[in-house]
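Understanding the architecture of this molecule
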Number of protein chains: 2
Amino acid sequence: MRDTVLSDILLREIDRESSVPLVRQVYEIIRQLILSGTLRAGTRLPASRGLARELGLSRNTVIFAFEHLQSEGYVVSATGSGTFVSDTVPDLPASVAPVTEALQPLDPPHLTLSRRGTEVVRNAQASSTQWGAFVAGVPDVSLFPHDIWVRLLKRRWKQPDPNLLTYAHGAGYYPLRRALSEHLRIARAVRSTPDQIIITNGIHQSISLLANLLADSGQVAWIENPAYWGARTVLKAAGLSTVAIDVDAEGMAPSECHLRTPPQLIFVTPSHQYPLGTVMSLARRRMLLEYARVQRNWIVEDDYDSEFRFDGRPLASLQGLDTHDRVIYLGTFSKTLFPGLRMGYMVLPKSLSAHFAIGLSDMYREGRLIDQAVLADFMEEGHYAAHIRRVRVHYARRQTLLRDAIHETFGTDWPISTREAGLHLVMHLPDGTDDVGIVLAARSLNISVRPLSRYYASGPGRSGLLFGYASVPDDQIRTQFKRLVQVIVPALEHVARSDSFR
Amino acid sequence: MRDTVLSDILLREIDRESSVPLVRQVYEIIRQLILSGTLRAGTRLPASRGLARELGLSRNTVIFAFEHLQSEGYVVSATGSGTFVSDTVPDLPASVAPVTEALQPLDPPHLTLSRRGTEVVRNAQASSTQWGAFVAGVPDVSLFPHDIWVRLLKRRWKQPDPNLLTYAHGAGYYPLRRALSEHLRIARAVRSTPDQIIITNGIHQSISLLANLLADSGQVAWIENPAYWGARTVLKAAGLSTVAIDVDAEGMAPSECHLRTPPQLIFVTPSHQYPLGTVMSLARRRMLLEYARVQRNWIVEDDYDSEFRFDGRPLASLQGLDTHDRVIYLGTFSKTLFPGLRMGYMVLPKSLSAHFAIGLSDMYREGRLIDQAVLADFMEEGHYAAHIRRVRVHYARRQTLLRDAIHETFGTDWPISTREAGLHLVMHLPDGTDDVGIVLAARSLNISVRPLSRYYASGPGRSGLLFGYASVPDDQIRTQFKRLVQVIVPALEHVARSDSFR
C-alpha cells in the first residue's frame, strides 16, 4: 500500500464531527488496516509531517496516534528510517540502558494476554520518565540525608538479627508501627495504636490488599473524577467496578442518585485532591462519614502528600474525625523520603487490623524487616520529622517560583490549582486545548508534564497540565518553564476561545 | 453455660464415624454455639485438658480447635486465666514485641471481610515462626556475607544516583537482569536475553502478575497436589479456579480426563517438587511441553530452590527444553540469599516481556532500584555464585545429619523424600497419623515442622512432616530431632498399622 492510499483511506474515514478524538480515530483506522492485513508487516508508514499536512491535522495528532500504535506493538519505529508495521518478534539487540524500556516490538496484547491484561497494557499510565523537570509526584530525592541513612544501615547490618532477614509474619516491624502511630497523631491527627498500623510496600499494595479483603469481584468502588490512575488500575485488577464521582470545590460530590446505590468502598483524597489540589470541606467530610456509618461501607483516605502543607495549620485527617471506625487511612514514604524505598502503611479500624496482618502475610509473603528497622531508627532519632521540615521549605519556594513563571507569561489571572500544599500543581488550560498534544511535544524537549484530561475516568475532562515542582532545582524552574512555553502557546492558538476555562 | 453443658453438647454432637476430622468437628460445634449466641461474649471455655478427658479425645485435638477459633477471633486466650468467647473489640494494651502477632480478639472475619477475604483469613497458612528448628523454606541467613553486602550498600549510597531512588519503570535494573541471564544460563540451562527477565519482589508477586496478565477471572490453573499453599492463595485471589493434579514419581500426572479440558495455566515445580521433592521425568517434561504447544496454554515453572542440588549434575530447567515459548520461569533470591530481601524474577517468552514490564509498572508501581543495583554488584563481583557454593556444602551436611537422626530412631527403611536437593525434606508417616497434631504439639517445644497433609488441596493427603534443615546449626539437628521424637512416637501409637505408608 502506498502512502497516498493510506492518506486517502484516512481522509475518507475520519469523521471531523464525531465526538471521538481525532487521535483515536487515526489510531483505530490504522490499527484495523494492520489487523485486516491491508497494511502488511514491514510496510513503512508515511512520515507524520507529510501525513498531517495531507489530512489537515496537527502533526501532534498523527505523532500521538503512531506512538500509541507503537506502544501496543502494531508498529515499530527505527530511528532515522521511519515507522514500520511490526513483524511478530524480530530479534533486536538487547538494550544496555540501566533502566530499559520495551524496545522489542510486541505482539498486540490481545493476541497473548488475558482480557484484563490487555486492558492494563492498553491503558498503561506509568510514565517512563521518573526524574527531571517536571515529573509529578516525585520528591527531591537528592535532598534525602543519605549519610544518615548509610550510618543506620551499617548499624543494623553489623551483626544482623536473623529474625530481620527471614520472612516477615504479620503487620510489620513493631517499633516502626509505634513510631508511625506517634508521628501520625501529631502530624495528621490520626488516632491509632501501633496495632492498627500495617506496613506495606506502598499505596498500590495497600489498595490491592484492602480491595481483596473488603470487597468481592464485581462490587463497586467510588473514586474521584479526576483521580490517580493507579487507584483505578489496582481496583480493576482486583475485579471491582469503579464509579467515578465528580469533584467540586468541596471534594467528592456524589449525587442523590449515587447515594441511593451505596458502593462497597469510597476512595477519597480529602487533604489534597489528586490531581486538582482542592481540600475537602468539613461539611462534605461529615456527610461522607455519616453516609458510611449508616451504609456500613468503607472510606479509604489516601493521604499521599499531605505532610507538605505550606500555609496555615495542617488540616486534620478524615480518619481523625471518624468515630465509627469506617475509615482506612493510607500513607506512603514515597513522597516524604524517596519512592524507591517502596514503603507505605495503612491505619485500620481495630476490627480489621489482625485480619489484614494475616492477609498481608498470606497473599504477599512480605519481608524487608531490616529495612523497616532502619526506617524505625530514622524516625525514632528524629530524622524523619526534621527531613520533612527541611524539604517543605524547598518545595514551598519551588511552587512559588513556578507560579511566578506561569503568571509572568500568561498573566496573574491564569487559573492555577490552590497553593497550600503538595508536590505538584495544575495549570488549567482553556476548554478544548489539546493537553495530550502539549505533553507529547514537551517530551521532545525532555520535559515531563502530564495531561489533566487523562485523569478523568469518563466524559470530557478539563484540560490542563500537571507540574511536579518538588524535584526541580530552584534555578531550573523558570528556564524549563520558558522552554515549555514554546509548545503551550501554539496549542492555545488552536482553541476557539482562549479565555474559556471550566 | 457451664463447662459441663459444653462438654455434653460436644459429646452428643461429635460423630466419631464421620470422615470430618475431630478437630474440625469440635471447632465447628463451638463456633456455631458462639454465632448462635448460646455461648456469649466473655464466657470462659473449659480447660483443654479436662475437656479432652471428658470427651475421650487427645488434648491436642482440643488445643488445636481452640487455636483455630482464636485465630479467627471467636475466642481470646488470656495467659494464665483461660480462653474466653470474644467481645467485639476490647481495648487490650499494645504489644511491644518486635514482630507482633494478632493480639486483639477479632470480629469473626465473615462479619467484616469480603467472601474472598474471609477465605484468605480462614485458610491462612503462613506460619508465625520463620526462624529456628525446623522452619521449612528458610535458608541459613546467618551465613549471608553481610560484610560484603554492607560494603556494596555503602558504595551505592555514597553519592546515590537519583534515578535509583525514584520510581522504577519497566522490568528492573538492567545490569541485574544481565547478570541473572548469565547466571541462569550456566546454573540452570535457562535460555534468555536480559530483556526477557523481569525483577519482582518475590514469587507471590510474580504469580500475581502473570495470573492477571495471562488469565481472566474464572479461568483454570492446574496446580500440583500437593503444592505450595502460596501459589494457590495468589491464584485464587486473582480469581482463578485451581484444579489440583496428583503428582506421581514422574511429577504432575494429569489424567486423560484432565487433558481433554485444557487449563489456561499449568503450575509445576519440575526440578524439586514442592513439598515431596521428586524430580519430573524427561518424558513427563516433554509431554507437558508438547501439550502446551498444541493447546497454547502457559507452563509456569517454579524453580524455587534448585540451586541447591547436592548429588550429580544439576538438572536442566524445563524452560531450557522449551522450543515454543510456552514456559514462564520463576525464581527467587529468598532461598539463595535471604527471604527478607524480597527479590525474585521471572524469565518470559519474548512475546510477553515488554507487556509484563508495563503491567508491573502500572499494577505494582515498583522501585527499589538501588537495592537491585547492590544485588547486581554482588552478582557481578562473583559473590553470588561463591555464596551458593559455600552454603550448598552446609545444607548437604545438615540434610545428612537429619536423615541419620531419623534413621537412628525409626530405622533405615523409614521413608524419607529423595536426597538430592533443596532446603527441606519430608519424613513420611503411616496412613492416618495425625500430622497436624504432631505439629501443634511440637510448637509447645518451640520446634517448627509442617504437616504434609495440609499441602494437599483435596482428598485425604499423605501424612508426613516437612523439616527445614538448612537454617539449623549442625550441632542442634540431632538434639532437636530427639526432642521432637517425644511427640512423634505417641502419635504413631494411635495409628492402626504403623507400617502402612502411601
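Now for a quick tour of the structure.

The rules we used
Residues numbered from 1 in each chain as written. Chains lettered and ligands numbered in written order. Predicted model: local features only at pLDDT ≥ 70, side-chain atom pairs only at ≥ 80, totals over all residues. Heavy atoms only, no water. Helix = DSSP H or I, 4+ residues; strand = E, 2+ residues; numbered from the N terminus. Contact = heavy atoms within 4.5 Å. Areas by Shrake-Rupley, 256 points an atom, 1.4 Å probe, with all protein chains shown as cover. Lys, Arg positive; Asp, Glu negative; His and termini not counted. Charge placed at Lys NZ, Arg CZ, Asp CG, Glu CD. Buried area = accessible area lost by both parts, 1.4 Å probe. Salt bridge = Lys/Arg side-chain N within 4 Å of Asp/Glu carboxyl O. Pairing = 2+ DSSP bridges. Axes fitted to C-alpha atoms, helices over the stretch in contact; angles between N-to-C directions. Right-handed = clockwise from strand over helix to strand, strands pointing away. Parallel < 35°, antiparallel > 145°, perpendicular 65-115°, else oblique. Nonpolar A, V, L, I, M, F, W, Y, C, P; charged D, E, K, R; others polar. Patch = residues over 30% accessible without salt bridge, like charges linked within 9 Å, V, L, I, M, F, W, Y side chains within 5 Å. Buried < 20%, exposed > 50% of the residue type's maximum accessible area, 1.4 Å probe, protein only. Least-squares fit on C-alpha atoms with pLDDT ≥ 70 in both. Core = buried A, V, L, I, M, F, W, Y, C linked by side-chain atoms within 4.5 Å. Expected span 1.5 Å × (residues − 1). 1 Å grid on protein atoms, 1.4 Å probe; cavity = no way out; pocket = protein on both sides within 12 Å on 5 of 7 lines; lining within 4 Å. Points joined across faces, edges and corners; volume = space filled by probe spheres on them. Phe/Tyr/Trp six-rings, centres within 6.5 Å; stacked < 30°, edge-to-face > 60°. Lys NZ or Arg CZ within 6 Å of the ring centre and 35° of its normal. Polar contact = N/O pair within 3.5 Å; in protein donor to acceptor, adjacent residues only side chain to side chain.

1. Some remarks on the overall build of chain A
Regarding its fold elements, chain A presents 18 helices and 14 strands. Counting only C-alpha atoms and orienting by the principal axes, one finds that chain A spans roughly 70 × 50 × 50 Å. Expressed as a percentage of contacts within chain A between residues at least 6 apart in sequence, the contacts between residues at least 24 apart total 73%. Split by element, the accessible area of chain A, about 19200 Å² in all, is 51% carbon and sulfur. Side chains of chain A carry 55 positive and 51 negative charges; the gap between the two charge centres is 3 Å.

2. As for the interface of chain B and chain A
Each partner contributes residues to the interface: chain B has 104 residues there, and chain A has 103 residues. Between chain B and chain A, roughly 8700 Å² of surface is buried when both sides are summed, and carbon and sulfur atoms account for 59% of that area. At the junction of chain B with chain A, the criterion picks out two salt bridges. With a closest N to O distance of 3.9 Å, arginine 115 of chain B and aspartate 216 of chain A form a salt bridge.

3. Some points on the sheet that holds strand 4 (residues 197–200) of chain B
All names here are of chain B. In space, the eight strands of this open sheet follow the order 4-11-10-9-8-5-6-7, with mixed pairing throughout. Whereas interior strands pair on both sides, the edge strands pair on one side only; in this sheet they are strand 4 and strand 7 (251–252). Where strand 9 (residues 298–302) lies against strand 10 (residues 327–332), four bridges are found, and the strand directions are parallel. Paired with isoleucine 299 across the bridge in strand 10 is valine 327. Contacting strand 4, strand 10 and strand 11 (344–347), helix 9 (residues 174–188) runs over the sheet at an angle of about 110 degrees to strand 4.

4. Quick look at the pairing of strand 6 (residues 241–248) of chain B
All names here are of chain B. Examined bridge by bridge, strand 5 (residues 220–225) and strand 6 share six bridges and lie parallel to one another. Of the residues in strand 6, the one forming a bridge with asparagine 225 is aspartate 246. Crossover connection from strand 5 via helix 11 (residues 229–237) to parallel strand 6: handedness right-handed. The sheet contact formed by strand 6 and strand 7 spans two bridges and is antiparallel. Pairing of valine 247 across the sheet is with methionine 252, part of strand 7. Count of turn residues in the strand 6/strand 7 antiparallel hairpin: two residues.

5. Looking at the packing of helix 14 (residues 350–364) of chain A against helix 11 of chain B
Relative orientation of the contacting elements helix 14 of chain A and helix 11 of chain B amounts to 105 degrees, with a least axis distance of 8 Å. By the criterion of interaxial angle, the relationship of helix 14 of chain A to helix 11 of chain B is roughly perpendicular. Along its contact with helix 14 of chain A, which presents Ser361, Asp362 and Met363 of chain A, the element helix 11 of chain B presents Trp229, Thr233, Val234 and Ala237 of chain B. Grouping the constituent residues of the contact of helix 14 of chain A with helix 11 of chain B by class yields four nonpolar, two polar and one charged.

6. Points about a positive patch on the surface
Taken together, Lys154 and Lys158 of chain A together with Lys154 and Lys158 of chain B make up a surface patch of like positive charges. Of all the secondary structure elements, the ones that give two or more residues to the positive patch are helix 7 (146–158) of chain A together with helix 7 (146–158) of chain B. Within the secondary structure layout, lysine 158 of chain B lies in helix 7. Judged by its relative accessible area of 63%, lysine 158 of chain B falls in the exposed class.

7. With respect to the sheet that holds strand 12 (residues 424–428) of chain A
Reading across from one edge, 12-14-13 (chain A) is the order of the three strands in this open sheet, with antiparallel pairing throughout. Two strands lie at the open edges of the sheet, namely strand 12 and strand 13 (450–451) of chain A, each paired on one side alone.

8. Considerations on the relation of the copies chain B and chain A
Its rotation angle being 180 degrees, the transformation that places chain B on chain A also includes 0.1 Å of axial translation and leaves an RMSD of 0.2 Å. What we have between these two chains is a two-fold relation. When C-alpha distances to the rotation axis are compared across chain B, the minimum falls at alanine 238 of chain B, with a value of 3.6 Å. Most of the interface of chain B is mirrored in chain A, where 97% of its interface residues are also at the interface.

9. Focus: the nonpolar core
Soluble globular proteins: nonpolar side chains tend toward being buried together. Counting residues in each nonpolar core, the largest one holds 147 residues, and the members touching the most others are Phe481 of chain A together with Phe481 of chain B. In this structure phenylalanine 481 of chain B touches Phe134, Leu402, Ala405, Ile406, Thr409, Phe410, Met427, Phe467 and Ile488 of chain B, once residues within four positions along its chain are discounted.

10. Overview of helix 15 (residues 350–364) of chain B
Residues and elements named next belong to chain B. The first and last C-alpha atoms of helix 15 sit 21 Å apart over 15 residues, in line with the 21 Å expected at 1.5 Å per residue. With 15 of its 15 residues buried, helix 15 lies for the most part within the structure. Just downstream of helix 15, arginine 365 is the residue with a positive phi angle, here 50 degrees.

11. Details of empty space enclosed by the protein
Using the criterion set out here, one finds 14 cavities of 30 Å³ or more in the structure. One number sums up the size of the largest cavity: a volume of about 380 Å³. Where the lining of the largest cavity is concerned, the elements lending two or more residues are helix 10 (203–214), helix 11 (229–237) and helix 14 of chain A together with helix 10 (203–214), helix 11 and helix 15 of chain B. Roughly 190 Å³ of volume is contained in the second largest cavity. The wall of the second largest cavity is formed by 18 residues, among which Leu153, Arg368 and Asp371 of chain A together with Leu153 and Asp371 of chain B lie closest to the centre. Sorting the residues of the lining of the second largest cavity by element identifies helix 7 and helix 15 (369–380) of chain A together with helix 7 and helix 16 (369–380) of chain B as the ones contributing at least two each. For the lining of the second largest cavity, a count of residues per class yields twelve nonpolar, two polar and four charged.

12. Side note on the pairing of strand 5 (residues 220–225) of chain A
Residue and element names in this part refer to chain A. In terms of burial, strand 5 is largely enclosed, as five of its six residues are buried. Bridge count between strand 5 and strand 8 (residues 265–268): two bridges; the pairing is parallel. Note that in strand 8 the partner of alanine 221 across the bridge is leucine 265.

13. Looking at the packing of aromatic side chains
All told, the structure shown has 40 aromatic pairs over all chains when counted by the stated rule. Note on phenylalanine 134 of chain A and phenylalanine 467 of chain A: the rings are 5.1 Å apart at their centroids and 75 degrees apart in plane angle, and the pair reads as edge-to-face. With phenylalanine 134 of chain A in the loop between helix 6 (115–122) and helix 7 and phenylalanine 467 of chain A in strand 14 (residues 464–468), this pair connects stretches of sequence that are 333 residues apart. A residue is classified by how much of its surface remains accessible, and phenylalanine 467 of chain A, at 0% relative accessible area, is buried. With centroids separated by 5.9 Å and ring planes inclined at 65 degrees, the aromatic side chains of tyrosine 274 of chain A and tyrosine 455 of chain A adopt a geometry described as edge-to-face. Here the residue tyrosine 274 of chain A occupies a position in the loop between strand 8 and helix 13 (282–295), and tyrosine 455 of chain A occupies one in the loop between strand 13 and strand 14, the gap between them amounting to 181 residues. Tyrosine 455 of chain A matches tyrosine 274 of chain A in its accessibility class, with the two residues each being buried. Joined through ring pairs, the aromatic side chains of Phe134, Phe410, Trp414, Phe467 and Phe481 of chain A make up one cluster. Over the aromatic face of tyrosine 167 of chain A sits the side chain of arginine 365 of chain A, whose NZ or CZ is 3.9 Å from the ring centroid. In this structure, arginine 326 of chain B packs its charged tip against the face of tryptophan 298 of chain B, placed 4.0 Å from the ring centre.

14. Observations concerning the packing of helix 6 of chain A against helix 10 of chain B
Helix-helix packing is characterised by the crossing angle of the two axes and by the distance between the axes. Look at helix 6 of chain A against helix 10 of chain B: their axes get within 5 Å of each other, and the N-to-C directions meet at 100 degrees. On the basis of the axis angle, helix 6 of chain A is roughly perpendicular to helix 10 of chain B. The residues of helix 10 of chain B that touch helix 6 of chain A, namely those facing Arg116, Gly117 and Val120 of chain A, are Ala211, Asn212 and Leu213 of chain B. Taken together, the residues of the contact of helix 6 of chain A with helix 10 of chain B sort by class into three nonpolar, two polar and one charged.

15. Section: the pattern of salt bridges
Taken as a whole and assessed by the stated rule, the structure comprises 36 salt bridges over all chains. Between aspartate 371 of chain A and arginine 368 of chain A there is a salt bridge, and its shortest N-O distance comes to 3.1 Å. Judged on exposure class, the residue aspartate 371 of chain A and its partner arginine 368 of chain A are both buried. One salt bridge in this structure joins arginine 293 of chain B and glutamate 290 of chain B, with 2.8 Å as the shortest N-O distance. Here the residue arginine 293 of chain B and the residue glutamate 290 of chain B both occupy positions in helix 13 (residues 282–295), the gap between them amounting to three residues, near one helical turn. On the basis of relative accessible area, arginine 293 of chain B is assigned to the partly exposed category, the value being 35%. Classification of glutamate 290 of chain B as partly exposed rests on a relative accessible area of 39%. Counted as one network, the salt bridges with shared partners bring together Arg151, Arg155, Arg156, Asp377 and Glu381 of chain A.

16. Comments concerning the side chain of serine 181 of chain A
Residues and elements named next belong to chain A. In this structure, serine 181 sits in helix 9 (residues 174–188). Since its relative accessible area comes to 8%, serine 181 is described here as buried. Reaching out from serine 181, the side chain makes a polar contact with the backbone oxygen of serine 192 at a distance of 3.0 Å. When neighbours within four sequence positions are excluded, serine 181 is seen to be in contact with Ser192, Thr193, Pro194 and Ile197.

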